[in-house]
Amino acid sequence: MTVLVVAAAILDDLAAPTRLLAARRSAPKTLAGSWEFAGGKVEPGEDPLGALVRELREELGVEITFGQLVPGPNGDLSWPIHQGHVMLVWTAAITAGPPAPLQDHDELRWLEPTDLHSVPWLPADVPIVDAVERLVFGG
Ligand SMILES: Nc1nc2c([nH]c(=O)n2[C@H]2C[C@H](O)[C@@H](COP(=O)(O)OP(=O)(O)OP(=O)(O)O)O2)c(=O)[nH]1
C-alpha cells in the first residue's frame, strides 16, 4: 500500500521569499542527522492538508499558510521517496510561531538560496530542494 507523506517547504515570505527552513531529524536512528522538510504521514481519516497542519503544530509549534504544490517529476504532483512512500510538498509560510524543534528534530536552519545544499538532506529530498529552488528562487 502506498503511504502518503506530506511536507512543507517553509519560506520566510510567500510573495518575496529569501530563505527556506530546513529541519534536522533526531529520530529514528536511521534518519537522525539528515535534514528534511517538516511534515509526516497522513493518518487514516485525515486529508493531506489537515495532516500537514497537525504535523507542523506538533513538530515545530507553528501555524502556517499554504502556497503551491511543488510539482514532482514526470508531470506528477507527488514525489517518490522510498519503499512505496510518496510525498506531497507545499510551499508555506509561518503565520504564528516562532518555529522550534519540538518533536522529531533537534535543529532548524533558515537557508539562503545560495546555501540550499549546505546541509545533508535526506536522499529523496535532494531533487525536491532543486525543484523548490527553481520554483521559488528562480534558480
Ligand atoms: N517528514 C518528512 N519525511 C520525509 C522527507 N523526505 C523523506 O524521504 N521522508 C521520509 C522519512 C520517513 O521515512 C517518512 C515520513 O515519516 P515521518 O517519520 O516523518 O512520519 P510521522 O511524523 O507521521 O511519524 P510516525 O507516525 O511514522 O512516527 O518519509 C521529508 O522531507 N519530510
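Residues numbered from 1 in each chain as written. Predicted model: local features only at pLDDT ≥ 70, side-chain atom pairs only at ≥ 80, totals over all residues.

Side note on the overall build of the protein
For step 1, the next point in the chain: The secondary structure content of the protein amounts to two helices and eight strands.
For step 2, the next point in the chain: Counting from the amino terminus, helix and strand elements in the protein follow one another as β-β-β-β-α-β-β-β-β-α.
For step 3, the next point in the chain: Whereas a compact globule of 139 residues would reach a radius of gyration of roughly 14 Å, the protein reaches 14 Å, a difference of no more than 12%.
For step 4, the next point in the chain: C-alpha extents for the protein along the principal axes are approximately 35 × 35 × 30 Å. (Helix = DSSP H or I, 4+ residues; strand = E, 2+ residues; numbered from the N terminus. Rg over C-alpha atoms; globule rule 2.2 N^0.38 Å.)

Concerning unusual backbone geometry
For step 1, the next point in the chain: Geometrically, the link from Ala27 to Pro28 is a cis peptide bond, its omega value of -15 degrees lying close to zero.
For step 2, the next point in the chain: By secondary structure assignment, the location of Pro28 is in the loop between strand E2 (20-25) and strand E3 (35-36).
For step 3, the next point in the chain: Going from Gly97 to Pro98, the amide bond is cis rather than trans, its omega being 0 degrees.
For step 4, the next point in the chain: One can find Pro98 in the loop between strand E7 (85-96) and strand E8 (105-111).
For step 5, the next point in the chain: Despite not being glycine, Gln83 has its phi angle at roughly 40 degrees, a positive value.
For step 6, the next point in the chain: Looking at the element boundaries, Gln83 is found in the loop between strand E6 (79-80) and E7.
For step 7, the next point in the chain: Classification of Gln83 by C-beta neighbours within 10 Å gives exposed; the count is 7. (Buried ≥ 20, exposed ≤ 12 C-beta atoms within 10 Å, placed from the backbone.)

Some remarks on the site of the ligand
For step 1, the next point in the chain: Taken together, 17 residues are adjacent to the ligand, and Glu36, Phe37, Gly40, Lys41 and Ala124 come closest.
For step 2, the next point in the chain: No other element matches strand E4 (residues 39-41), which puts three residues into the shell around the ligand.
For step 3, the next point in the chain: Of the residues that constitute the shell around the ligand, the class distribution is eight nonpolar, four polar and five charged. (Near = placed C-beta within 6 Å. Nonpolar A, V, L, I, M, F, W, Y, C, P; charged D, E, K, R; others polar.)

Overview of the environment of Val62
For step 1, the next point in the chain: Following the sequence through the fold, Val62 ends up in the loop between helix H1 (48-60) and strand E5 (63-69).
For step 2, the next point in the chain: Looking at Val62, the number of C-beta atoms within 10 Å reads 22, which means it is buried.

Quick look at H1
For step 1, the next point in the chain: An ideal rise of 1.5 Å per residue puts 18 Å on 13 residues; H1 measures up with 18 Å between its terminal C-alpha atoms.
For step 2, the next point in the chain: Along H1, the residues that are buried comprise Ala51, Leu52, Glu55, Leu56, Glu59 and Leu60. Take H1 and look down its axis: the buried residues cluster within an arc of 130 degrees, on one side only.
For step 3, the next point in the chain: Looking at the buried residues of H1, the elements they touch are strand E1 (3-11), E4, E5, E7 and E8. (Expected span 1.5 Å × (residues − 1). Arc of directions from axis to C-beta. Contact = placed C-beta atoms within 7 Å.)

Here's the deal with the nonpolar core
For step 1, the next point in the chain: Of all hydrophobic cores here, the largest spans 34 residues; its most connected members are Ala7, Ala8, Ala9, Ile10, Ala38 and Val89.
For step 2, the next point in the chain: Contributions of two or more residues to this core are made by E1, E2, H1, E7 and helix H2 (126-137).
For step 3, the next point in the chain: The element best represented in this core is E1, accounting for seven residues.
For step 4, the next point in the chain: Those residues in contact with Ala8, other than ones at most four positions away along the chain, are Phe37, Ala38, Gly39, Leu52, Leu56, Ile64, Trp90 and Ala92. (Core = buried A, V, L, I, M, F, W, Y, C linked by C-beta atoms within 7 Å.)

Some remarks on the confidence of the model for the protein
For step 1, the next point in the chain: Residue-level pLDDT values for the protein average 96, and 99% of them are 70 or greater.
For step 2, the next point in the chain: Both scores are available for the predicted complex, with the pTM at 0.96 and the ipTM at 0.96. (pLDDT = per-residue confidence, 0-100.)

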